[in-house]
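Commentary on secondary and tertiary structure
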Amino acid sequence: MFDKITIIGAGYVGFSLAVLLSQEKEVTLFDIDVSKLQVIDDHKSPIRDQRIEEFLQQKELHLKTSYDLAEAILGRDLIILALPTNFNESSKFFDTSQIDLVISKIVKKNISTPILIKSTVPQGFTKKLQAHYPNVPIIFSPEFLREGSALEDNLNPHRIIVGNTESLGVKIAELFASFALNAPEILLMDSDEAEAVKLFSNAYLATRISFFNELDTFAIANNLDSQSIIDGVASDPRIGIHYRNPSFGYGGYCLPKDTKQLESDFGNLPQEIFSSVIKSNASRKKYIASYVASLGKKVIGLYLLAMKKNSDNFKDSSIIGVLQALKELDENITILIYEPLVHVSSIYDCEVVASLERFKEKSEIILTNRLDDILDDVKDKVFTRDIYGNN
């Protein structure tokens, strides 16, 4: 079963799944971005992921691309949706319009192929879709992938969760388990519960990050050694050392929007934690900016904008939040940016410096969300909260 699979969406989730499954399955990858598909056709990766690049070079993959949806979905055993669901700040809800549109087009073709949603969706979304399209099996299965390590996470998943307890759910779980190099736990549950698992998982990670960031804020303000405190706290096995590294704030594609969606899903139910985490993250970036501004430096350099190592995604990056807070605090501050992935002369009305040496020379202080050996020669200028070197 599932010998012919179509994946819709060539972002880091969709493309990593395409590379994973095309080792043994016939996979068609659909996307409306033709330039991205051309990169893939040249056996190159449109996203930064070292393991994906290795697979493209070393393995024979049964992968083809298509920008014709009708062609891509014809005669398939499984259709996987890996489409973006950005958080709409006006509606306070995920924008699921791309999922809605694609499924409506699939149904219009009288295709009853099972549809597996890998996009993050609001709690209760899958059941509403299923009720609207009763003749097409629609299943939700959350992904737990890190940008820059998506294929590695697919190869060694901590768990495989499928929001269907019937035979189709079992077969989907077995499909992904068959590609795992480890022995992940398989959990079958109702789609409502599977959707909640995704949202609560990311909200917990955001909460934990915020906890250690607030601990670090307290240490900075009171001239304490943050690492000593964190080591002492994390030595308790009930707390542990994972996700203890301070940063300028949580960011990236998933944690900010998923936490906001969960807050919205609560509606009128009593909750304080998730709203507080969202406020805490905003406060952290403002505190970092105010602390840096208090140092009296007039030329501030920002080293790299991407949220995570080996990522090319700037979305909701915490260092950008710090940048914006700095500009609000003092319009006379000059901010320089060094980011090799940006090929423009300015961004956020700040100069992008192409030369690393010039960036180092001109910056009076260099802010970076993660340590990098390339800054060792200007160590005295560097300001970071990356205590353990793993941001």
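To start, this report covers the structure provided alongside it. Everything numeric in this text was worked out from a predicted model, so none of it was measured.

On to the nonpolar core. Judged by nonpolar contacts, the single largest core of 40 residues is most densely connected at Ile 5, Ile 7, Leu 21, Ile 80 and Phe 176. The biggest single contributor to this core is helix H1 (residues 12-21), with 8 residues. Ranked by size, the runner-up nonpolar core spans 25 residues in total, among them Ala 72, Ile 79, Ile 115 and Ile 117.

What follows is about the pairing of strand S2 (residues 26-30). The side chains of a regular strand alternate between both faces of the sheet. Of all the 5 residues making up S2, 4 are buried; the element is thus mostly covered by neighbouring parts of the structure. In this fold, strand S1 (residues 4-8) hands off to H1, which returns the chain to S2; that crossover is right-handed.

The subject of this paragraph is the packing of aromatic side chains. Counting across every chain of the model gives 10 aromatic pairs. Measuring from ring centre to ring centre gives 6.3 Å for Phe 200 and Phe 266, while their planes differ by 70°; the resulting arrangement is edge-to-face. Highlighted residues: Phe 200 in helix H9 (residues 191-221) and Phe 266 in helix H11 (residues 255-266), separated in sequence by 66 residues. The ring of Phe 144 has Arg 159 lying over it, and the distance from NZ or CZ to the ring centre is 3.6 Å.

Let us now look at helix H6 (residues 125-132). Residues of H6 that are buried include every one of Phe 125, Thr 126 and Leu 129, and no others. For H6, the arc enclosing every buried residue in end-on projection is 95°, short of the 170-degree limit, so these residues lie on one face. Across H6 from its buried face, at more than 90 degrees, point the exposed residues Lys 128 and Ala 131. Where H6 is buried, its residues meet helix H5 (97-108), strand S7 (115-117), strand S8 (138-140) and H9.

In this section: the side chain of Ser 363. Tracing the backbone shows Ser 363 in the loop between helix H14 (356-362) and strand S15 (365-367). With relative accessibility at 1%, the residue Ser 363 sits in the buried group. Here the side chain of Ser 363 touches Phe 359 through a polar contact of 2.7 Å, landing on its backbone oxygen. Apart from residues lying up to four places away in sequence, Ser 363 is in contact with Val 299, Gly 301, Leu 336 and Lys 381.

Attention shifts here to the pattern of salt bridges. Under the criterion given, the structure shown has 20 salt bridges. Asp 192 is paired through a salt bridge with Lys 127; the nearest N and O atoms lie 3.5 Å apart. Separated by 65 residues along the polypeptide, Asp 192 in helix H9 and Lys 127 in helix H6 bring together distant segments of the chain. In this structure, Lys 257 and Asp 258 form a salt bridge, with 3.3 Å as the shortest nitrogen-oxygen distance. Pair check on accessibility: Lys 257 and Asp 258 agree, each one buried. Taken together, the shared-partner salt bridges in this structure form one network comprising Arg 51, Glu 54 and Glu 152.

Residue Asn 110 is not a glycine yet carries a positive backbone phi of 55°. We note that Leu 304 has phi near 70°; this positive angle belongs to a residue other than glycine. Tracing the chain through its elements places Leu 304 in the loop between strand S11 (299-303) and helix H13 (318-329).

This part takes up the pairing of strand S12 (residues 334-338). Among the 5 residues that make up S12, 4 are buried, leaving the element largely enclosed by the rest of the structure. Pairing between S11 and S12: 5 bridges, direction parallel. Its bridge partner lying in S12, Gly 301 is registered against Leu 336. In terms of strand pairing, S12 meets strand S14 (residues 350-352) through 2 bridges, oriented parallel. By the bridge assignment for S14, Ile 337 is matched with Val 352.

Before going further, it helps to spend a moment on the packing of H6 against H9. Packed helices, taken two at a time, are described by the angle their axes make and the gap between the axes. Interaxial distance between H6 and H9 falls to 7 Å at its minimum, and their mutual angle equals 145°. Listed contacts from H9 to Phe 125, Thr 126 and Lys 127 of H6 are Ser 191, Asp 192 and Glu 195. Among the residues forming the contact of H6 with H9, the class breakdown is 1 nonpolar, 2 polar and 3 charged.

For the rest of this paragraph, the subject is H11. The end-to-end C-alpha distance of H11 is 17 Å, a good match for the 16 Å that 12 residues give at a rise of 1.5 Å each. By the burial criterion, the buried members of H11 are Leu 255, Pro 256, Lys 257, Asp 258, Thr 259, Gln 261, Leu 262 and Phe 266. Lining the buried residues of H11 we find strand S5 (87-88), strand S6 (93-94), H9 and helix H12 (273-294). Trailing H11 by a residue or two, Gly 267 shows a phi angle of about 55°, which is positive.

What counts and what doesn't
Sequence order as written defines the numbering, with residues in each chain counted from 1. With the structure being a predicted model, the display of local features is reserved for residues of pLDDT at least 70 and the display and counting of side-chain atom pairs for 80 or more, all residues being used for whole-chain, interface and lining totals. Processing note: side-chain calculations cover all non-hydrogen atoms of the structure and skip hydrogens and water entirely. Working definition of a nonpolar core: buried Ala, Val, Leu, Ile, Met, Phe, Trp, Tyr and Cys residues. They are joined through side-chain atoms within 4.5 Å. Three labels apply to residues, based on accessible area from a 1.4 Å probe with only protein chains included: buried if under 20% of the type maximum, exposed if over 50%, partly exposed otherwise in between. Secondary structure follows DSSP: runs of H or I at least 4 residues long count as helices, runs of E at least 2 residues long count as strands, and numbering of each begins at the N terminus. Here the term right-handed applies to a crossover when the path leading from its first strand over the helix to its second strand runs clockwise, the strands being oriented away from the viewer. Classification of ring pairs rests on two measures: the distance between centres of Phe, Tyr or Trp rings, Trp counted by its six-membered ring, which must be within 6.5 Å, and the angle between planes, read as stacked under 30 degrees, edge-to-face over 60 and tilted in between. A ring has a charge above it when a Lys NZ or an Arg CZ is no more than 6 Å from the ring centre and no more than 35 degrees off the ring normal. Comment: arc refers to directions from the helix axis out to C-beta atoms. In what follows, residue pairs with any heavy atoms lying within 4.5 Å of each other are defined as contacts. Whenever a nitrogen or oxygen atom comes within 3.5 Å of another N or O atom, the pair is scored as a polar contact, on the condition that within protein one atom can donate a hydrogen and the other can accept it, and that pairs from neighbouring residues in sequence are kept only if both atoms are in side chains. Any carboxyl oxygen of Asp or Glu within 4 Å of a side-chain nitrogen of Lys or Arg constitutes a salt bridge here. Pairs of strands are assigned from DSSP output, requiring at least two bridges between the strands. Axis definition: a line fit to C-alpha positions, over the contact stretch in the case of helices; interaxial angles, taken between N-to-C directions, run 0 to 180 degrees. Under this grouping Gly is polar, as are all residues other than the nonpolar Ala, Val, Leu, Ile, Met, Phe, Trp, Tyr, Cys and Pro and the charged Asp, Glu, Lys and Arg. Expected helix span is computed as 1.5 Å times (number of residues minus one).

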